[in-house]
Amino acid sequence: MNRAAFFSALLGIATLVWLAGAPQAQAHNRSQSYSTWNLSGDTVELLFTVKAREVTRLPPLEENLLTLEDLLAAHLGETIRVSSVGGAVCAAKGVPQALTAAEGFLRMRAILDCGSAPATTLQIDSFFSMAPGHVHYARILTDAELPAEYLFTDSRREHIIAGTGGRLDSIYKGFLQYLVLGIEHILSGVDHLAFLVALLLLVRSFRELAWIVTGFTVGHSITLTLAVLGHLALEMWIIEALIGFTIALVAADNIGVTSGRRAPVAVVTTAMLLAMAIASTLWGVGLPLLTLAGLGLFTLAYLAISTPQGQARGVRPALTLAFGMIHGFGFASVLNEIGLPDERMAVALAGFNIGVELGQLAVVALLWWLVRWYGRRKPDWNYQSWFETASAGLCGLGVFWFISRGLVQV
């Protein structure tokens with residue numbers, strides 16, 4: 001690596017690490033909430049779930065509310081609107097009540113009365129003013145219809161509740177809803193996209209590209225399915241940290257492969273894992289010792305069996321398969337949070353998985369085309385320098401995520 005490339009690599013690391021500290025770059029930690037709506041005649045029951053840290057974004061109210069539950073109840077009362085036929089607003093019956101929720105989450109229950117007409121329109125403005133990137137997933141249950149799912153964003157805060165119709169129509173609409181959900185998730189998952197970019201940097205042919213995409217697809221499809229069906233369950237904070245590790249290792253290995261100096265990659269990676277293992281042992285902070293030991297053994301074994309550049313490219317599909325399985329748990333977290341309809345489990349799972357694939361293929365195709373288009377326009381383009389800068393930046397971003405996510409638990 002020449003001096004110019006070295007300094008550009010440092011700049012790439014500094015830039016991406018700074019970006020990693022921004023709220024919009026937190027990937028799976030991004031702002032999101034969930035709700036279940038039970039519509040029975042002219043009565044609406046709302047169950048609203050959100051991470052407690054999201055509520056801390058809300059500004060204090062004049063009443064000086066002392067608890068997060070009170071603050072959330074007041075916020076929901078101001079930002080959720082249900083309308084019936086003719087535009088009449090459904091009236092809240094009392095204030096939202098706090099329910100028992102999983103650790104780190106808040107859950108509220110509210111009842112609304114729509115008079116003599118059923119609810120037809122939902123408007124949710126919650127959290128969007130504080131976090132424009134906020135995403136809300138709503139599941140609608142009615143007396144006679146199969147469940148329906150709706151996605152609320154800053155640009156789409158209102159949905160009309162449409163009947164699902166017959167069984168085939170219900171299956172079709174459910175599939176499309178989860179298809180869109182899968183596309184939205186991959187396109188807004190910064191860490192998944194960073195991993196794909198890190199993988200693509202070393203690709204030199206369409207055949208390599210096909211193998212890489214296939215490996216990632218097979219890997220995440222396996223764990224996504226098993227996790228959603230309840231056959232596998234892992235702590236999400238560990239999975240999020242491991243996703244950061246996959247980015248860091250692949251990006252660092254990119255530089256090691258092209259420069260022929262993979263030994264420093266192994267030394268630095270082992271030192272980082274050793275330091276985290278010491279913290280875990282002495283102070284009980286960070287990832288479990290067994291997890292760190294497994295990462296160390298995997299890294300050393302991978303770097304040992306793929307030393308030549310050609311051999312390293314040859315084992316990339318296997319590496320992508322293994323790391324894709326880790327990312328699959330991340331994909332499953334969204335479906336586990338909102339819950340899948342038992343009566344449409346296969347349809348919803350297929351729709352979400354296909355949506356993830358379509359979003360992934362769109363990103364890969366765009367990047368592949370851009371690199372080749374730019375290379376044709378700029379024949380003297382120094383791809384090697386750009387490659388090293390991008391790999392170094394992605395490595396810094398992955399290390400930041402791995403350490404910051406892996407040290408938050410005590």
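What counts, and where the lines are drawn
Residues numbered from 1 in each chain as written. Predicted model: local features only at pLDDT ≥ 70, side-chain atom pairs only at ≥ 80, totals over all residues. Heavy atoms only, no water. Phe/Tyr/Trp six-rings, centres within 6.5 Å; stacked < 30°, edge-to-face > 60°. Helix = DSSP H or I, 4+ residues; strand = E, 2+ residues; numbered from the N terminus. Buried < 20%, exposed > 50% of the residue type's maximum accessible area, 1.4 Å probe, protein only. Contact = heavy atoms within 4.5 Å. pLDDT = per-residue confidence, 0-100. Core = buried A, V, L, I, M, F, W, Y, C linked by side-chain atoms within 4.5 Å. Disulfide = S-S within 2.5 Å. Pairing = 2+ DSSP bridges. Salt bridge = Lys/Arg side-chain N within 4 Å of Asp/Glu carboxyl O. Patch = residues over 30% accessible without salt bridge, like charges linked within 9 Å, V, L, I, M, F, W, Y side chains within 5 Å. Areas by Shrake-Rupley, 256 points an atom, 1.4 Å probe, with all protein chains shown as cover. Expected span 1.5 Å × (residues − 1). Arc of directions from axis to C-beta.

J.: Help me understand the packing of aromatic side chains in this model?
T.: For any two aromatic rings, the description comes down to two numbers: the centre-to-centre distance and the angle of the planes. Under the defined criterion, the tally for this structure stands at seven aromatic pairs. When the centroid spacing of 5.6 Å and the interplanar angle of 20° are considered together, the rings of Tyr34 and Tyr137 count as stacked. With Tyr34 in strand S1 (residues 32-40) and Tyr137 in strand S8 (residues 135-142), this residue pair connects regions lying 103 residues apart in the sequence. Tyr137 carries the same exposure label as Tyr34, and that label is buried.

J.: Help me out: how do you make sense of the environment of Cys114 in this one?
T.: Mapped onto the secondary structure, Cys114 falls in the loop between strand S6 (105-113) and strand S7 (119-124). The buried category is assigned to Cys114, whose relative accessible area is 9%. Spatially, the C-alpha atom of Cys114 lies 6.4 Å from that of Ala91, the residues being 23 residues apart in sequence. Each residue touching Cys114, except ones within four places of it in the same chain, is listed here: Asp42, Val44, Val82, Ser84, Cys90 and Ala119.

J.: Looking at this model, I keep getting lost on the confidence of the model for the chain. Mind explaining?
T.: As a general rule, the predicted coordinates of low-pLDDT regions are not to be interpreted in detail. For the chain, mean pLDDT is 81; residues scoring 70 or higher make up 83% of the total. In the model, residues 1-28 has pLDDT below 50 throughout and makes 48 contacts with residues more than four positions away in sequence or in other chains.

J.: Whenever I open this one, the nonpolar core confuses me. Can you help?
T.: Taken as a class, soluble globular proteins show a tendency for nonpolar side chains to be buried jointly. Grouped together as the largest cluster of nonpolar side chains are 69 residues, with contacts concentrated most on Leu181, Leu224, Leu287, Leu335, Phe352 and Phe402. Broken down by element, the residue count for this core peaks at 13 residues, all from helix H7 (residues 236-259). When residues no more than four places from it in sequence are discounted, the contact partners of Phe402 are Ala241, Gly244, Phe245, Met272, Leu273, Met276, Leu287, Leu292 and Leu295.

J.: Looking at this model, I keep getting lost on the state of the cysteines. Mind explaining?
T.: Where two cysteines share a covalent bond between their sulfur atoms, that bond is called a disulfide. Under the counting rule described, the total for this entry stands at one disulfide. Residue Cys90 pairs covalently with Cys114 via a disulfide, S to S 2.0 Å. Negative torsions about the S-S bond denote left-handed disulfides, and the value of about 100° found for Cys90 with Cys114 makes this one right-handed. Remark: Cys114 occurs in the loop between S6 and S7 and Cys90 occurs in the loop between strand S3 (80-84) and strand S4 (91-92); sequence separation between them is 24 residues. A relative accessible area of 6% places Cys90 in the buried class.

J.: Whenever I open this one, the pairing of S7 confuses me. Can you help?
T.: For a regular strand, the rule is simple: side chains alternate between the two faces of the sheet. Strand direction decides the pairing type here: S3 and S7, joined by five bridges, are antiparallel. By the bridge assignment, Ile80 is partnered in S7 with Ile124. Examined bridge by bridge, S7 and strand S10 (residues 158-160) share three bridges and lie antiparallel to one another. The partner of Gln123 across the bridge, within S10, is Glu158.

J.: Help me out: how do you make sense of the pattern of salt bridges in this one?
T.: If charged atoms from side chains of opposite charge come close, those side chains can pair. As enumerated under the stated definition, the model contains six salt bridges in all. By sharing partners, the salt bridges in this structure join Arg53, Glu54 and Arg57 into a single network.

J.: Would you mind going over a nonpolar patch on the surface with me for this structure?
T.: A cluster of nonpolar side chains, Val218, Ile222, Leu226, Leu232, Leu321 and Met325, forms an exposed patch at the surface whose accessible area comes to about 400 Å². Looking at the nonpolar patch, the elements that each hand over two or more residues are helix H6 (206-228) and helix H10 (309-338). Of all the elements, H6 adds the most residues to the nonpolar patch, at three residues. Following the sequence through the fold, Leu232 ends up in the loop between H6 and H7.

J.: Please explain helix H3 (residues 68-79) as it appears in this structure.
T.: In an α-helix, one turn spans 3.6 residues; hence positions three or four apart end up facing the same way. For H3, with 12 residues, the first-to-last C-alpha span of 16 Å sits near the 16 Å given by 1.5 Å per residue. For H3, the complete set of buried residues consists of Leu71, Leu72, Ala73, His75, Leu76 and Thr79. Buried residues along H3 sit against strand S2 (43-51), helix H2 (52-55), S3, S6 and S7.

J.: Teacher, can you tell me more about the environment of Asp191 here?
T.: Mapped onto the elements of the fold, Asp191 is located in helix H5 (residues 190-200). A residue is classified by how much of its surface remains accessible, and Asp191, at 0% relative accessible area, is buried.

J.: What am I meant to see in the pairing of strand S9 (residues 148-152) here?
T.: With respect to burial, S9 is a largely interior element, five of its five residues being buried. Alternating residues of S9 divide into Ala148, Tyr150 and Phe152 and Glu149 and Leu151, and every residue in both groups is buried. Bridging between S8 and S9 involves five bridges; their strand directions are antiparallel. Residue Ile140 lies in a different strand from S9, and its bridge partner there is Ala148.

J.: What am I meant to see in the environment of His192 here?
T.: Summarising the element assignment, His192 is placed in helix H5. Distance from His192 to Gly244, taken between C-alpha atoms, is 9.3 Å for residues 52 residues apart in sequence.

J.: So what exactly am I meant to see when it comes to the side chain of Gln32 here?
T.: Tracing the chain through its elements places Gln32 in strand S1. The exposure class assigned to Gln32 is buried, which follows from its relative accessible area of 8%. For Gln32, the contacting residues outside a window of four places in its chain are Val50, Glu54, His134, Val135 and Tyr137.

J.: Help me understand helix H8 (residues 263-283) in this model?
T.: In this model, H8 (21 residues) spans 30 Å end to end at C-alpha, consistent with the 30 Å of a helix rising 1.5 Å per residue. Listed in full, the buried residues belonging to H8 are Val265, Ala266, Thr269, Met272, Leu273, Met276, Ala277, Ala279 and Ser280. Across the axial projection of H8, the buried residues extend over an arc of 160°, all falling on one side. With respect to the buried face of H8, the exposed residues turned more than 90 degrees away are Ala263, Val267, Val268, Leu274, Thr281, Leu282 and Trp283. Looking one or two residues past H8, Gly284 carries a phi angle of roughly 65°, positive in sign.

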